[in-house]
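Coordinate analysis (summary)
In case you want the letters, here they are:
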Amino acid sequence: MKYTIESIADALKVDAAIVLPRCEISGVTIDHRGVTDKSTLFVALKGQKVDGHVFIPELLDMGVHNFLISDERILKEHKDQANFLLVNNVVNALQSVATQHRMKFSLPVIGITGSNGKTVVKEWLNTLLESTFRICRSPKSFNSQIGVPLSVLKLGTEHTLALFEAGISKQGEMPKLREVIKPTIGLMTNLGDAHDAGFDSRDKKLFEKLSLFKDCEKVICCKDHLWFVNNQDKLSLPVFTWSQSDKASDVYVKGVSSNAGASHLELMYKGQDYLIELPFEDRASIENSIHCFCLIAILEKLTPDVLDRFKRLSPVAMRMEIKMGVENSMIIDDSYNSDIGSLAAALDQLNSMKASGRMVILSDLDPDNSHKSVYAEIVRHVNRAMVDEVVLIGKHISMHAAQFNSSTVNKFDSVDDFFDSLSLKTLRDKAILIKGARLFKFERLVKHMQAKQHQTRLEIDLQKLTSNLRYYRSILESDTAIMVMVKAFAYGSGSFEIARVLQQERVDYLAVAYTDEGLVLRERGIRIPIMVMSPNKAEYEKIIRNNLEPEIFSIRALQDFVEVAKANRHLFDILKIHLKVDSGMHRLGIDENDVPRILEVLQDEEYIRLSSVFTHLAAADDEAHDEFTKNQVTKFSKVADELALIVSAPFMRHVLNSSGALRFPDYQFDMVRLGIGLYGFGNAHHDRHLLALGALKSYILQIKHIPAGESIGYSRAGRFDEDRTIATVAVGYADGLDRKLGNGKWGLRWNNRSCPIVGNVCMDMCMVDVTGLKAKEGDEIIVFDGAADIRKMSEIVGTIPYEILTNLSDRVSRVYLKE
């Protein structure tokens, strides 16, 4: 269902500045980075730290011409360039548009809320019912005051079922979401302590959540949950219940048996028994599966085909994975579902990558359904993106091959056919998106195209990086610039992918330790300013040619840079440098008595611009040395003030690192430098707000049953007085697992069970004790996951988290996770 800019203005009852009349709106977005269609309506949100209005000039340059704004100054400055709808509150306006859009549809709409499991239930319902209904659902975990209206606006005439989740964090939020969603069936997953602080009591939070279901025909809930037991007399909702103890429930769980990672459920509904197989045995997954069964029962779709799909459910991968491919390619593995909403996000990701070519591999949505209108939507999304080559797998999507405008379009009946025809050399330097239905089993193709790296991998959650950055922004002054350290392979996390996210988040500066690190980022399309912290004379020409900015830490370094600059004067107009002051660290930096000579050189060479002056605090994280830290700042300020008296152009000042930014808000000056803090480690007081990005994972190579008295590993260090079951895991000290962690000092985790390392850690592997566990060869093993693990590991080794992360070998595959 399409809208014009005039129809949206009428719906909001606002005056509009329209210079392009009857402009049809192709979509709505709040993210300037994801705009690929000029007819998109950009909603300019005002956040605590980022104001969406600042991106409007950039979007105007891109040709975008529809905006929903609340800043009248934007209208005055740009009213002749595009269509503007001026409102008092853009969130309220967005909700109003979505509410009116929802009223145009009559179909089953499922509203899902609860403290946990909302997204899992929604995604599993989509998996179970995608061949039965045309489903519109919330992308990712869009369940907020902003995410819900964006989700509902995706509802179209082709849909026959809608799945929307609703999350709240304080009182008064749910009634707004109810008006937008208007669910016909409700589903309450559970009630936990999440967001308790936003409510006067747990009961207030419960009834706020339940208010979503005010007009529902049925509301699914578990009769055994404590919230239901304590409040069932107060409920005035038409509940549809399930229980493991009450046979009078609508769905009675007669039995649950679990073994070897799988479960079998025996359920009774309307006097009939149903047997369901699940590939899980944890309690949360079992409960979520029963919630799904109840909804399917209400919809009267308990068919053999739908019930068979329960055993094919998989953990919800709400994030696409970005992997290194063969022939220097990059793979976006988004093959866990074929959702149209996530296709748009995946194509945005593809377009953001610098590559020699862009390739998209797509399968049928479902082998039993053609869904012509949905395929037309897929064609529209792909044609709007900058895609050079399209590969279509399956008979239904292949029927639309002629509609794709990419230079190369190839069709295959099956993944195997494409696999057999693929020459890996043709993937050289390409960015590749792989997306399709689960039934096509793209896993083998992804594995074939992925670079053959050591299977031990570091999974890096880019959402956590963004969350940490936003936390720092929340405690900094709004005009404080941010420089982020991406040296040392971004603390082991991978420089380019980290830098690309930071560029999207509009950080002001990056910093690398060596010139080559900066060159790689420039070659891969990173455009924001980059400071090189440890350059030498031989590298200055590369720095100049690639628009990098050197740290100058001595008179000699400045003289060398001037010499190289004069020899390359034809390459630039202005060169920027960063002057480091030694205020007490006594590692690198100029002293106060160097200032006159520095000023003399700067005055003689007017093309050299002092971009910033900074110093490095020696003990900003240690309260015992706070007086020393304050003295450092005083010394630095004296030198910076002396420079400012003579240098005509203004320059930035910065002294604070990650810990300093958290502990010394008065010393923010013009910029702060974030390093390990952005990767999840600040100080004890703030660590609960920061999230470690990485999880190091490996797998079991072999399992052996070792008799009592036998030894295990080098130097026969592992010994037991009783029979043990030992698993050999494919991670060793060459990967970064320190030898000091051997002999029981550290445990790797299998299925959330700690398995102590037995004997000495070897170069390429280690042995762990899995006695009494149902571990199998090939099972995943977690070495560490989260800040607590890394801190504890560093304490055992006698080092700091920095070293644990930066010691991870390059042969450990980096897998990037992004919603």
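Reading the values: rules and limits
- Residues numbered from 1 in each chain as written.
- Predicted model: local features only at pLDDT ≥ 70, side-chain atom pairs only at ≥ 80, totals over all residues.
- Heavy atoms only, no water.
- Pairing = 2+ DSSP bridges.
- Helix = DSSP H or I, 4+ residues; strand = E, 2+ residues; numbered from the N terminus.
- Axes fitted to C-alpha atoms, helices over the stretch in contact; angles between N-to-C directions.
- Parallel < 35°, antiparallel > 145°, perpendicular 65-115°, else oblique.
- Contact = heavy atoms within 4.5 Å.
- Phe/Tyr/Trp six-rings, centres within 6.5 Å; stacked < 30°, edge-to-face > 60°.
- Buried < 20%, exposed > 50% of the residue type's maximum accessible area, 1.4 Å probe, protein only.
- Polar contact = N/O pair within 3.5 Å; in protein donor to acceptor, adjacent residues only side chain to side chain.
- Expected span 1.5 Å × (residues − 1).
- Core = buried A, V, L, I, M, F, W, Y, C linked by side-chain atoms within 4.5 Å.
- Salt bridge = Lys/Arg side-chain N within 4 Å of Asp/Glu carboxyl O.
- Arc of directions from axis to C-beta.

Observations concerning the pairing of strand S36 (residues 747-750)
Two strands pair when backbone bridges link them, and S36 and strand S37 (residues 753-758) are joined in this way by 4 bridges, in the antiparallel orientation. Across the sheet, the residue bridging to Leu748 is Cys755, located in S37.

Details of the sheet that holds strand S12 (residues 218-222)
Strand pairing in a sheet takes place through backbone hydrogen bonds and is either antiparallel or parallel in direction. Spatial ordering of the open sheet is given by S9-S10-S8-S11-S12-S13-S14-S15-S16, a layout of 9 strands whose pairing is mixed. Two strands in the sheet have a free side with no partner beyond their single neighbour: strand S9 (135-137) and strand S16 (272-278). Adjacent strand axes in the sheet meet at a mean angle of 20° when their direction is disregarded. Sheet analysis places strand S13 (residues 239-243) next to strand S14 (residues 251-259), joined by 2 bridges and oriented parallel. Bridge pairing links Ser243 to Tyr252 in S14.

Overview of the packing of helix H1 (residues 5-12) against helix H4 (residues 90-102)
Between H1 and H4, the shortest axis-to-axis distance is 10 Å and the interhelical angle comes to 105°. One finds that H1 runs roughly perpendicular with respect to H4. Here Ile8, Ala11 and Leu12 of H1 lie close against H4, whose contacting residues are Ala93, Ser96, Val97 and Gln100.

Some points on the packing of aromatic side chains
Going through the model one piece at a time under the given rule, you end up with 12 aromatic pairs. Seen from their ring centres, Phe42 and Phe67 are 6.2 Å apart, and the 75° between their planes marks the pair as edge-to-face. Pair noted here: Phe42 is in strand S5 (residues 40-43) and Phe67 is in strand S6 (residues 66-69), with a separation of 25 residues, a long-range link. Like Phe42, the residue Phe67 is buried in the burial classification. The structure contains a cluster of three or more aromatic residues connected by ring pairs, namely Phe42, Phe67 and Phe84.

Describing the pairing of strand S10 (residues 161-165)
For a regular strand, side chains alternate in direction, first toward one face of the sheet and then toward the other. Of all 5 residues in S10, 5 are buried; the element is thus mostly enclosed. Neither face of S10 is exposed, since Leu161, Leu163 and Glu165 on one face and Ala162 and Phe164 on the opposite face are all buried. Across 4 bridges, the pairing between strand S8 (residues 109-113) and S10 is parallel. Opposite Val109, over in S10, you have Ala162 as the bridge partner.

Regarding the environment of Ile598
Structurally, the position occupied by Ile598 is in helix H23 (residues 595-604). With a relative accessible area of 1%, Ile598 lands in the buried category. Once the C-alpha coordinates of Ile598 and Glu208 are considered, the two residues, 390 residues apart in sequence, prove to be 65 Å apart.

Comments concerning the environment of Thr771
With respect to the element layout, Thr771 can be found in the loop between strand S38 (766-769) and strand S39 (780-785). Sequence separation between Thr771 and Glu287 is 484 residues; the distance between their C-alpha atoms is 29 Å. One polar contact links the side chain of Thr771 to the main-chain amide nitrogen of Thr725, over a distance of 2.8 Å.

As for the sheet that holds strand S27 (residues 549-552)
In spatial order, the strands read S30-S29-S28-S27-S26-S25-S24-S31; together these 8 strands make up an open sheet with parallel pairing. Only two strands of the sheet have a single neighbouring strand rather than two, namely strand S30 (652-654) and strand S31 (671-674). For this sheet, the mean angle separating the axes of adjacent strands, direction not counted, is 25°.

Section: H4
Helix length check: H4 (13 residues) gives 18 Å between terminal C-alpha atoms against 18 Å at 1.5 Å per residue, within 8%. Among the residues making up H4, those that are buried are Val90, Ala93, Leu94, Gln95, Val97, Ala98, Thr99, His101 and Arg102. Looking at where H4 begins, the residue whose side-chain oxygen comes 2.9 Å from the main-chain nitrogen of Val91 is Asn89.

A word on the nonpolar core
Side chains that are nonpolar tend, in soluble globular proteins, to be buried together. One finds Leu502, Leu510, Leu748 and Phe784 to be the most contacted residues of the largest nonpolar core, which totals 130 residues. Among the elements that line this core, the one with the most residues is helix H22 (residues 555-567), at 6 residues. Those residues in contact with Leu510 that lie beyond four places of it in its chain are Met483, Val484, Val486, Ala499, Leu502, Leu521, Ile526, Ile528, Pro529, Ile530 and Met531. In this structure, Leu12, Cys23, Val219 and Phe228 belong to the second largest nonpolar core, which totals 48 residues.

Quick look at the pattern of salt bridges
The final tally for this structure, using the stated rule, is 44 salt bridges. In this structure, the salt-bridge partner of Arg380 is Glu377, at a minimum N-O distance of 2.7 Å. One end of the pair is Arg380 and the other is Glu377, both in helix H13 (residues 372-384) and 3 residues apart, which spans about a single turn. For Arg380, a relative accessible area of 27% gives the class partly exposed. On the basis of relative accessibility, which here comes to 27%, the residue Glu377 falls in the partly exposed class. We note a salt bridge from Lys697 to Glu780, for which the minimum N-O separation is 3.9 Å. Here Lys697 is found in strand S32 (residues 694-706), whereas its partner Glu780 is found in strand S39, with 83 residues between them in sequence. For Glu780, a relative accessible area of 36% corresponds to the partly exposed category. Overlapping salt bridges, with partners in common, bring together Lys122, Glu123, Arg137 and Glu165 in one network.

Brief notes about H1
What H1 keeps buried is the set Ile5, Ile8, Ala9 and Leu12. Projected onto a plane normal to the axis of H1, the buried residues spread over an arc of 100° and lie on a single side. Lys13 lies just past H1 and shows a positive phi near 55°.

Spatial relationships are all this shows, so hold off on functional conclusions.
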